[in-house]
Structures are given as structure tokens and as C-alpha cells.
Amino acid sequence: RINAKTRDQLHLLGIALIDVPGHRKEAADKAMIVDMLIFALDNKIPATLILLSGDGDFSVALSRLRDRGYQIVLIHPSEHQVSNMLLSVADEHIAWDLIQN
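Here goes a summary of the coordinates provided. (Residues numbered from 1 in each chain as written. Predicted model: local features only at pLDDT ≥ 70, side-chain atom pairs only at ≥ 80, totals over all residues. Heavy atoms only, no water.)

With that out of the way, let us pick up the nonpolar core. By size, the foremost hydrophobic cluster in this structure holds 16 residues, and its most contacted members are Leu49, Leu51, Leu62, Leu65, Ile72, Leu74 and Leu86. Those elements that provide at least two residues to this core are helix 2 (25-42), strand 1 (48-52), helix 3 (59-67), strand 2 (71-76) and helix 4 (84-89). The leading source of residues in this core is helix 4, at three residues. Sequence-distant contacts of Leu62, defined by excluding residues within four places in its chain, comprise Met36, Leu49, Leu51, Ile72, Leu86 and Val89. (Core = buried A, V, L, I, M, F, W, Y, C linked by side-chain atoms within 4.5 Å. Buried < 20%, exposed > 50% of the residue type's maximum accessible area, 1.4 Å probe, protein only. Helix = DSSP H or I, 4+ residues; strand = E, 2+ residues; numbered from the N terminus. Contact = heavy atoms within 4.5 Å.)

Now for the environment of Asp29. Position of Asp29 relative to the elements: it lies in helix 2. According to the relative accessible area criterion, Asp29 is buried, its value standing at 10%. In this structure, the C-alpha to C-alpha distance between Asp29 and His80, residues 51 residues apart in sequence, is 21 Å. Beyond its immediate chain neighbours, meaning those up to four positions away, Asp29 contacts Asp55, Asp57 and Phe58.

The next point concerns the environment of His80. Along the polypeptide, His80 turns up in the loop between strand 2 and helix 4. As for His80 and Gly54, which are separated by 26 residues in sequence, their C-alpha atoms are 9.6 Å apart.

Once that is clear, we can look at the environment of Asp57. Here Asp57 shows up in the loop between strand 1 and helix 3. On a C-alpha basis, the gap between Asp57 and Pro46 in space is 24 Å, while along the polypeptide they are 11 residues apart.

A cis amide bond links Ile45 with the next residue in sequence, Pro46, at an omega value of 0 degrees. Inspection of the secondary structure assignment puts Pro46 in the loop between helix 2 and strand 1.

Take a look at the structure:
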């Protein structure tokens, strides 16, 4: 669990935390995709969308957004823990361990 102070600090940075009842992965993925689409509706191009994930389930949504002119930046786990399809739709990708230190 993330305490209230940390949640507030992340919110101030523009980071939305999604609580998923029952720890269902699909629910979190769907909520994140909806947030990406809302971002696109609220922010006309040129705009940059940054995703922290290695999950290939986001590939289609990111590909569609990139096709419409959004720049896609992917921050992901190490190279062997990220979907090649996800890497292929990113304009730029950065391994988390390179920026972590």
C-alpha cells in the first residue's frame, strides 16, 4: 500500500495511481488505456505521451496514437523484460535501470 503523503506527492507531479480491486491486471490496463485516450482528447498534437511499462498489451493503443502524430516515449524494465511490439511503437525508449540511478 502507498501511504497518503506519497499519493499526494505523486498526484502533484501529475502521476495518477489506479487502485484495482482484486488485483485484476486487465482492469488496470483498461484504465490506463482510457487515460491515454483522454490525454489525446485533451492535448492536441504536438504532444508527448510517456508510458512506464513493458507490457505489450499497450501496443495497439500507442500505435494508434503515434499514427495520429503523438510522440510516444516508453520507459520500461530491462530489455529482456519488455515486449518487442511495445518497443516498436515507441518513438523513444529508455530502460528504467538507466535512469534509476
